[in-house]
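Per-entry structural report
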Amino acid sequence: MGGNTKKLIQKYNLKLTKSLGQNFLTDDNVVKKIVDVANVSDNDLVIEIGPGVGSMTTELAKRAKKVIAVEIDKRLIPALQENLCEFSNVDIVNKDIMDVNINELYDKGQYGSIKVVANLPYYITTPIIMKLLEEENDINLMVFMVQKEVAQRMTAAPGKKDYGALSVAVQYYTKPEKAFDVPPHCFVPQPEVDSTVVKLNVNEAPPVQLINRDFFFKVVKAAFGQRRKTLVNALHNFKVLEKTKEEIKEILNQLGIDENARGETLSISQFAQLSNLLFKSS
Ligand code: SAM
């Protein structure tokens, strides 16, 4: 795997592109550990985002029923095909993942679990994760290598400095767990940042009841959009609401939330209660 990645890069004279987040894994132990975290078994469909030249794809193909690898860069496809030539259970899709409808990639009812595994391109990490979380699909588990700071944001608890809109979104849709850190020397070329593998177990049912999900996320965005402001001021500036400060204070009082609280101290269930009350009274 790792040695093979370097050989393929040389053989095909590939100039890796920073703007596409092309840092390829060359450490076989890290590859195996990621696939272990995803607990890939022979009844699984694995969707891999950004297979590169297949550092991880071969290991996924050995263990999964089927692998669908979505790679944007057509220059990499010949090397990827060569690396995967012994496997008949891999489909390569040469597309931007942002343009892919996950539901149209495979036939339903053939797999025990649908898993996404990816060493993500760091320039587009959050949009990819938000797309997979927000669209209607059957994904059960996602295992991502991301920049260490992004992993900290995904897993942060209320009140912590990394807690923000991404934490709320990830924790609304999934139960995130940090798996392990990966240092820069495990990649070619080496990224300038540390990396972390995170596992997101997709919730079968949402952890809180919402009257309107879009409105909930708008309230969350408004609360974190002005981090240094109190919740009362942040929500007062949130034009959709058209509420006076007194009205907002009254709603916070009803929920037992301190009038001087800042958004970053609210749990997901407090955000849910708050957005439900604001929605009902709007
Ligand atoms: N999985 C390989 C590995 O671990 O060695 C490569 C990982 S590299 C960090 C990210 C990969 O994602 C690159 O191959 C890059 O070309 C691809 N990529 C970047 N943007 C993409 C997008 N929007 N859709 C699909 N693939 C993308």
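Comments concerning the packing of aromatic side chains
- For the structure on display, the rule yields 10 aromatic pairs.
- Arranged with centres 5.7 Å apart and planes meeting at 80°, the rings of Tyr163 and Phe224 form a pair that is edge-to-face. Taken together, the positions of Tyr163 in the loop between helix H6 (148-155) and helix H7 (165-173) and Phe224 in helix H8 (residues 213-225) put the pair 61 residues apart, joining distant regions of the chain.
- For Tyr163, a relative accessible area of 0% puts it in the buried group.
- Ring centres of Tyr172 and Tyr173 lie 4.9 Å apart, and the angle between their planes is 85°; on these two criteria the pair is classed as edge-to-face. A single burial state applies to Tyr172 and to Tyr173, both of which are buried.
- Through a chain of ring-to-ring contacts, three or more aromatic side chains come together here, namely Tyr172, Tyr173, Phe216 and Phe217.

With respect to the pairing of strand E2 (residues 44-49)
- Counting buried positions along E2 yields 6 of 6 residues, so the element is predominantly enclosed.
- Of the two faces of E2, the one carrying Asp44, Val46 and Glu48 and the one carrying Leu45, Ile47 and Ile49 are both buried.
- Two strands pair when backbone bridges link them, and E2 and strand E3 (residues 66-70) are joined in this way by 5 bridges, in the parallel orientation. Looking across to E3, one finds that Ile47 is bridged to Ile68.
- Once the chain exits E2 it traverses helix H3 (residues 57-63) before rejoining the sheet at E3, and the crossover so formed is right-handed.

Things to note about the pattern of salt bridges
- Taken as a whole, this structure holds 13 salt bridges when the rule is applied.
- Between Asp138 and Lys108 there is a salt bridge, with the nearest N and O atoms lying 2.8 Å from each other. Placement of Asp138 in the loop between helix H5 (125-134) and strand E6 (141-147) and of Lys108 in the loop between strand E4 (90-93) and strand E5 (113-119) is noted, with a sequence separation of 30 residues between them.
- Lys108 gets classed as partly exposed once you look at its relative accessible area, which sits at 43%.
- Lys178 is the salt-bridge partner of Asp181, the closest N and O atoms lying 3.1 Å from each other.
- Judged by relative accessible area, Asp181 falls into the partly exposed class, the value being 35%.

Topic: unusual backbone geometry
- Cis geometry marks the peptide bond from Val188 to Pro189; its omega dihedral reads -20°.
- Among the secondary structure elements, Pro189 is positioned in the loop between strand E8 (187-188) and strand E9 (195-202).
- With a phi angle near 50°, Asn13 is a residue other than glycine that sits in the positive phi range.
- Along the polypeptide, Asn13 turns up in the loop between helix H1 (2-11) and strand E1 (24-25).

Basis of the calculations
Residues numbered from 1 in each chain as written. Predicted model: local features only at pLDDT ≥ 70, side-chain atom pairs only at ≥ 80, totals over all residues. Heavy atoms only, no water. Phe/Tyr/Trp six-rings, centres within 6.5 Å; stacked < 30°, edge-to-face > 60°. Helix = DSSP H or I, 4+ residues; strand = E, 2+ residues; numbered from the N terminus. Buried < 20%, exposed > 50% of the residue type's maximum accessible area, 1.4 Å probe, protein only. Pairing = 2+ DSSP bridges. Right-handed = clockwise from strand over helix to strand, strands pointing away. Salt bridge = Lys/Arg side-chain N within 4 Å of Asp/Glu carboxyl O.

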